[in-house]
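Chain by chain, the residues:
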Amino acid sequence: MAVQINPSILSADFARLADEAEAVRGADWLHVDVMDNHFVPNLTLGVPIVESLSKAASTPLDCHLMIEDPDRWAPQYVEAGAGSVTFHAEAAAAPVRLAREIRAKGARASMALKPATPIEPYEDLLPELDMLLIMTVEPGFGGQAFLDIMLPKIRRTRELISKHGLELWLQVDGGVAESTIERCAEAGADVFVAGSAVYGKDDPAAAVRALRARAEDVTASAAWACAH
Ligand SMILES: O=C(CO)[C@@H](O)[C@H](O)COP(=O)(O)O
Ligand SMILES: [Fe+2]
């Protein structure tokens, strides 16, 4: 699987979102953090802004829903134009039904795990998903330090993906930067979200290229990728 770099617009200028989307041309997906001030202690944006951004941006939207009751709200993000919709395992009442609904509406279905949520109880659900997101910070804010205690969970998840022969993408989100992306790639991640490490730089597009180069270097020789 090719490396994918998804800049998080949480670190962008919200007053200039269309321009900020263009500033990372060459990125694979635009990561949109939706926060409801209940599931996480922060409030960002919702369906109307996703709908406008999906029309304005040439890069597809990867919506990360940090909200309560995703069973009710996630389908609306597909209708608003998101190409990938991630709900949290801790918030979903019926994750299999929800993943099937997201797929049936035409988007990629993805599930996220907070740092303290283990992957093992979800092994049987993996075939229902197009992507699994392992949070490498506590969700809620950009610019936090990478939790390297999540590396074993990334490794175990990659082993489960290989064991079941799945085409599942494995995304990491939080504190991903030039100093941490190689460890994530070595452990088995192939989709990398980066907010401050992209939009905090003078040239965001160059930052995307630099992150991609580091991850590709590792993936080219990583044991998990060679066995794939
Ligand atoms: O979901 C989240 C935070 O909850 C992320 O998508 C952040 O936006 C990542 O920001 P950085 O840690 O890369 O600055
Ligand atoms: Fe996110």
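Residues numbered from 1 in each chain as written. Chains lettered and ligands numbered in written order. Predicted model: local features only at pLDDT ≥ 70, side-chain atom pairs only at ≥ 80, totals over all residues. Heavy atoms only, no water.

Caption draft 1: Seen up close, the UniProt feature "active site" (unreviewed entry) in the protein. Feature annotation in UniProt places "active site" (unreviewed entry) on Asp33 and Asp173, given in this structure's numbering. Across 141 residues, the annotated set stays spatially compact, with a maximum C-alpha separation of 10.6 Å. Turning to its location among the elements, aspartate 33 is positioned in strand β2 (residues 30-35). Judged by its relative accessible area of 6%, aspartate 33 is buried. (UniProt positions renumbered as here; feature names shortened; annotations may be inferred. Helix = DSSP H or I, 4+ residues; strand = E, 2+ residues; numbered from the N terminus. Buried < 20%, exposed > 50% of the residue type's maximum accessible area, 1.4 Å probe, protein only.)

Caption draft 2: Local environment of the coordination of the iron ion (ligand 2). All of the protein donors around the iron ion (ligand 2) are His31 (NE2), Asp33 (OD), His64 (ND1) and Asp173 (OD); their distances to the metal are 2.1 to 2.3 Å. Each of the 6 donor atoms around the iron ion (ligand 2) contributes to a set of angles spanning 73 to 174°, which defines the coordination as octahedral. Read in sequence order, the donor residues for the iron ion (ligand 2) give the motif H-x1-D-x30-H-x108-D. Of the two residues, histidine 64 sits in strand β3 (residues 61-66) while aspartate 173 sits in strand β7 (residues 169-173), which places them 109 residues apart along the sequence. Each member of the pair, histidine 64 together with aspartate 173, is buried. (Donors = N, O, S within 2.8 Å, 3.2 Å for Na, K, Ca; no water. Tetrahedral: all angles 85-135°; square planar, octahedral: opposite > 155°, others 65-115°.)

Caption draft 3: View of the confidence of the model for the protein. On average, the protein scores 97 in pLDDT, and the residues at 70 or more come to 99%. Predicted as a complex, the structure gets a pTM of 0.98 and an ipTM equal to 0.99. (pLDDT = per-residue confidence, 0-100.)

Caption draft 4: Summary view of the packing of aromatic side chains. Counting across every chain of the model gives 1 aromatic pair. On the basis of an interplanar angle of 70° and a centroid distance of 6.2 Å, the ring pair of tryptophan 29 and tryptophan 169 is categorised as edge-to-face. A residue pair is termed long-range when its members are at least 10 positions apart, and tryptophan 29 in the loop between α1 (17-22) and β2 and tryptophan 169 in strand β7 qualify at 140 residues. Residue tryptophan 29 shares its accessibility class with tryptophan 169, and that shared class is buried. The lysine or arginine in question, arginine 108, covers the ring of tryptophan 169, its NZ or CZ lying 3.5 Å from the ring centre. When the ring centre of phenylalanine 39 is taken as reference, the NZ or CZ atom of lysine 114 above it lies at 5.2 Å. (Phe/Tyr/Trp six-rings, centres within 6.5 Å; stacked < 30°, edge-to-face > 60°. Lys NZ or Arg CZ within 6 Å of the ring centre and 35° of its normal.)

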